[in-house]
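# Results of the structural survey
Here's the letter readout for the chains.
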Amino acid sequence: MGYADDPSGPLVERPVRPAVSADDELDAVLILEDEDAASFVFRRVVSDLGAVPYAARTIAEARELAGQRRFACALIDKNLPDGNGIRFLEWLNAAQPGCAAILITAYGSVESAIEALRLGAADFLLKPFELETFSHRIKMQLERQRLLAEREQIQARLVENDRLAALGTLAT
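Here we summarise the structure given alongside this text.

The next point concerns the sheet that holds strand S7 (residues 123-126). Sheet architecture is open: 5 strands sit in the order S2-S1-S3-S6-S7, paired in parallel fashion. Every interior strand has two partners, whereas the edge strands, strand S2 (52-56) and S7, have only one. Neighbour-to-neighbour, the strand axes of the sheet open up by a mean angle of 20 degrees, direction not taken into account. Together, strand S1 (28-32) and S2 form the strand contacts of helix H2 (residues 59-68), whose direction differs from that of S2 by roughly 140 degrees. Along the sheet, helix H3 (residues 85-95) makes contact with S1, strand S3 (73-77) and strand S6 (100-105), crossing S3 at roughly 155 degrees.

Rendered as C-alpha cells:
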C-alpha cells in the first residue's frame, strides 16, 4: 500500500503494486500503528527500503490484512486502542509462522521486552528511536527473511535432484 503525503491528514491507502507472486511476500511489511504521524514515518522508511508497507490502525484491521496476504515482517505498536500488541503478536505467530515481528512502544519495560521476545518477537524497540536504527533493524529482518526463503528453495532443489538421481539409478 502507498501512503498519503501529508502525515497530519487521514491515512489514504492505495495499492503500490498488485501481489503477483510468492516472492512479493518477501517485500510485504505489516505496520500496526494507531498514531498517524508515526504510521506515516514507518511507511516511508519501509518504502525507502524497497518493501511494500500495509498499514493498519487497529488489531482488527491488521488481522484482516494478515488474512489476505503473507508478510515478511510486522511492525507492531504495543499499546493500541483495541488491544495489546503483544497479544496480536501471539495471534500473528500462529497465523503466519515465520513473520519477523518487531514490537515498538513508548512505554516499555524490561518485563514487556522479555515477554515479547519470549513470544517470538524478532526485535523490541523503544520510542523515540533514531530513524537510522529503525531502518537498519527492518532491513536486517527483511534480509533474514530473504535468506531463509533462498535456503528453502535450495533445499527443495537438492531434494528434487536426489529424487531424480534415485530414479536414474533405478532405471539403469
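Let us now look at the nonpolar core. Counting 26 residues, the largest nonpolar core has Leu30, Leu32, Phe71, Ile76, Phe88, Leu89 and Leu92 as the members making the most contacts within it. Only S1, S2, H2, S3, H3, S6 and helix H4 (110-118) provide two or more residues apiece to this core. Contact partners of Leu89, with chain neighbours within four places excluded, come to Ile76, Ala101, Ala116, Leu119, Gly120 and Ala121. Listed in part, the 16 residues of the second largest apolar core include Val46, Cys73, Ile102 and Ile138.

Enumeration according to the criterion identifies 5 aromatic pairs in this entry. Here Tyr54 and Phe71 contribute two aromatic rings whose centre-to-centre distance is 5.5 Å and whose plane-to-plane angle is 75 degrees, an arrangement assigned as edge-to-face. With Tyr54 in strand S2 and Phe71 in the loop between H2 and S3, this residue pair connects regions lying 17 residues apart in the sequence. As far as burial versus exposure is concerned, Tyr54 and Phe71 are alike and both buried.

Further remarks concern the state of the cysteines. Following the criterion strictly, the structure yields 0 disulfides and no others. Its sulfur unpaired, Cys73 is 6.3 Å from the next cysteine sulfur, which belongs to Cys99. Exposure remark for Cys73: the relative accessible area of 0% places this residue in the buried category. Relative accessible area serves as the criterion here: at 5%, Cys99 is assigned to the buried category.

Thresholds applied
Residues numbered from 1 in each chain as written. Predicted model: local features only at pLDDT ≥ 70, side-chain atom pairs only at ≥ 80, totals over all residues. Heavy atoms only, no water. Pairing = 2+ DSSP bridges. Helix = DSSP H or I, 4+ residues; strand = E, 2+ residues; numbered from the N terminus. Axes fitted to C-alpha atoms, helices over the stretch in contact; angles between N-to-C directions. Contact = heavy atoms within 4.5 Å. Core = buried A, V, L, I, M, F, W, Y, C linked by side-chain atoms within 4.5 Å. Buried < 20%, exposed > 50% of the residue type's maximum accessible area, 1.4 Å probe, protein only. Phe/Tyr/Trp six-rings, centres within 6.5 Å; stacked < 30°, edge-to-face > 60°. Disulfide = S-S within 2.5 Å.

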